[in-house]
Amino acid sequence: MPLRLHIRSTLLIIAATAALLGLGFSTLHLLKDRGTQTAVNTGAADRFAPPGTVPIGGPFTLVNHEGRTVTDEDFAGKYLLVFFGFTNCPDVCPTTLNDIAVALDMLGADAKTVWPLFISIDPERDTPDLMAEYVAAFDPRIIGLTGSAEQIATVAEAYRIFYEKTSVDAYFESDPTQRDTSEPKGDEYFVSHQGQTYLMSPDNDYLTHFNFGASADEMASTIRLALSTLGRPDGEEK
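Residues numbered from 1 in each chain as written. Predicted model: local features only at pLDDT ≥ 70, side-chain atom pairs only at ≥ 80, totals over all residues. Heavy atoms only, no water.

Chemist: How should the overall build of the chain be read in this particular structure?
Modeler: Across its full length, the chain holds 6 helices and 9 strands. Looking at the chain as a whole, 48% of its 238 residues qualify as buried. For the chain, the proportion of contacts with a sequence separation of at least 24, taken over those separated by at least 6, is 77%. (Helix = DSSP H or I, 4+ residues; strand = E, 2+ residues; numbered from the N terminus. Buried < 20%, exposed > 50% of the residue type's maximum accessible area, 1.4 Å probe, protein only. Contact = heavy atoms within 4.5 Å.)

Okay, structure coming up:
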């Protein structure tokens, strides 16, 4: 079965599973005491962090799903929706990418003011070709980014994203005391990670974020609010 049809046909199952599993999963990793994490409260939809006041985001060099090396400067001048995940993710990633795709549709012509970026935290398996096939199954406007392990570690650090390889069983274990913390072997693993999606300014400054489970309507309305209150990207007209 083609990847697009396979993903679309399983989204209903994923949504039901994620409703029960994903919220607890994302909350768990946001609350873990990790040295690279920064806790941020989004607050009301009409409130954005003043540019430069939250230490999230920064320069990066990665490889896009067309195999071309890109940097953060390639995405300057537009708002960014930045989400970290991996193509083998069974729940949070496909659900979030589908929500992003729906939000882009809801934005209509305003979608051109946003770069939606999906950054892999599984560079060993997520090649540019695989990323290209994966993001196309959701929306051709979503840009898949991967790179070396070092490049991914650098951008994850900049965005305060915690991630780690885990066994399949440990990934679904809700009780932290029962998790197998040994290093998984071979390709049979998932990657535990935080599930928020960042909204960044055209200057790559943190504005707000959407926790896992935020609706496409919330994303679209918040982006519209940013456009109306913070301004449209340079050269963009309604």
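Chemist: Please clarify how the pattern of salt bridges should be interpreted in this entry.
Modeler: Any two side chains of opposite charge can pair, given that their charged atoms come close. The full count for this structure, using the stated rule, is 5 salt bridges. Of the charged contacts in the structure, one is a salt bridge between R125 and D122, with a shortest N-O distance of 2.6 Å. Pair check on accessibility: R125 and D122 agree, each one buried. In this structure, E124 engages K165 in a salt bridge whose closest nitrogen and oxygen atoms are separated by 2.9 Å. With E124 in the loop between β4 (114–120) and α3 (128–136) and K165 in strand β6 (residues 163–166), this pair connects stretches of sequence that are 41 residues apart. With relative accessibility at 57%, the residue E124 sits in the exposed group. One network of salt bridges, with partners in common, ties together D105, D139 and R141. (Salt bridge = Lys/Arg side-chain N within 4 Å of Asp/Glu carboxyl O.)

Chemist: Can you walk me through the sheet that holds strand β5 (residues 143–146) in this structure?
Modeler: Two pairing modes exist for strands in a sheet, parallel and antiparallel, and in both the strands are linked by backbone hydrogen bonds. The mixed open sheet is built from 7 strands, whose spatial order is β2-β1-β5-β4-β3-β8-β9. In this open sheet, the two edge strands, each paired with only one partner strand, are β2 (69–71) and β9 (206–210). The sheet shows a mean angle of 35° between the axes of neighbouring strands, taken without regard to direction. Note: strand β8 (residues 197–200) against β9, 4 bridges, orientation antiparallel. Directly across from L199, in β9, lies its bridge partner T208. Lying over the sheet, helix α4 (residues 149–158) contacts β1 (61–64), β3 (79–85), β4 and β5, oriented at roughly 115° with respect to β1. (Pairing = 2+ DSSP bridges. Axes fitted to C-alpha atoms, helices over the stretch in contact; angles between N-to-C directions.)

Chemist: Is there a simple way to explain the packing of aromatic side chains in this structure?
Modeler: Aromatic ring pairs are described here by two measures, namely the spacing of the ring centres and the angle between the planes. Per the counting criterion, the structure on display carries 9 aromatic pairs. A network of ring pairs unites the aromatic residues F83, F118, Y134 and F138 as a single cluster. Positioned over the ring face of W115 is K78, at 4.5 Å from the centre of the ring. (Phe/Tyr/Trp six-rings, centres within 6.5 Å; stacked < 30°, edge-to-face > 60°. Lys NZ or Arg CZ within 6 Å of the ring centre and 35° of its normal.)

Chemist: Before we go on, may I ask you to explain α4 in this structure?
Modeler: At 3.6 residues per turn, the α-helix brings residues three or four places apart onto the same side. Within α4, burial applies to I152, V155, A156 and A158. Within α4, the buried residues cover an arc of 160° as seen down the axis, which keeps them to one side. In this structure, the buried residues of α4 make contact with β1, β3, β4, β5 and β6. (Arc of directions from axis to C-beta.)

Chemist: Sorry if this is basic, but what is going on with unusual backbone geometry here?
Modeler: Glycine aside, negative phi is the norm for most residues, and most peptide bonds take the trans geometry. Phi is positive for R160, close to 60°, though the residue is something other than glycine. Note that R160 resides in the loop between α4 and β6. Even without a glycine there, the phi angle at N204 is positive, about 65°. Looking at the secondary structure, you find N204 in the loop between β8 and β9. With relative accessibility at 14%, the residue N204 sits in the buried group.

Chemist: Would you mind showing me how to read the environment of R232 here?
Modeler: Residue placement: R232 occurs in the segment after α6 (216–229). Within polar-contact distance, the side chain of R232 engages the side chain of D110 at 3.0 Å. (Polar contact = N/O pair within 3.5 Å; in protein donor to acceptor, adjacent residues only side chain to side chain.)

Chemist: Whenever I open this one, the environment of F75 confuses me. Can you help?
Modeler: Mapped onto the fold, F75 is located in the loop between β2 and β3. With relative accessibility at 6%, the residue F75 sits in the buried group. Separated by 41 residues in sequence, F75 and P116 place their C-alpha atoms 9.8 Å apart.

Chemist: Sorry if this is basic, but what is going on with the confidence of the model for the chain here?
Modeler: In low-pLDDT regions, the fine details of the predicted coordinates are not to be read closely. On average, the chain scores 80 in pLDDT, and the residues at 70 or more come to 71%. Long-range and interchain partners of residues 1–45, a stretch whose pLDDT sits below 50, account for 68 contacts in this model, where long-range means more than four residues apart. (pLDDT = per-residue confidence, 0-100.)

Chemist: Help me understand the environment of M131, please; the structure alone is not making it clear to me.
Modeler: With respect to the helices and strands, the residue M131 is situated in helix α3. Assessed through its relative accessible area of 0%, M131 is described here as buried. Taking the C-alpha atoms as reference points, M131 and I119, separated by 12 residues in sequence, lie 9.4 Å from one another. If we skip the residues at most four places from it in the chain, M131 touches H65, T87, F118, S120, D126, G144, L145 and T146.

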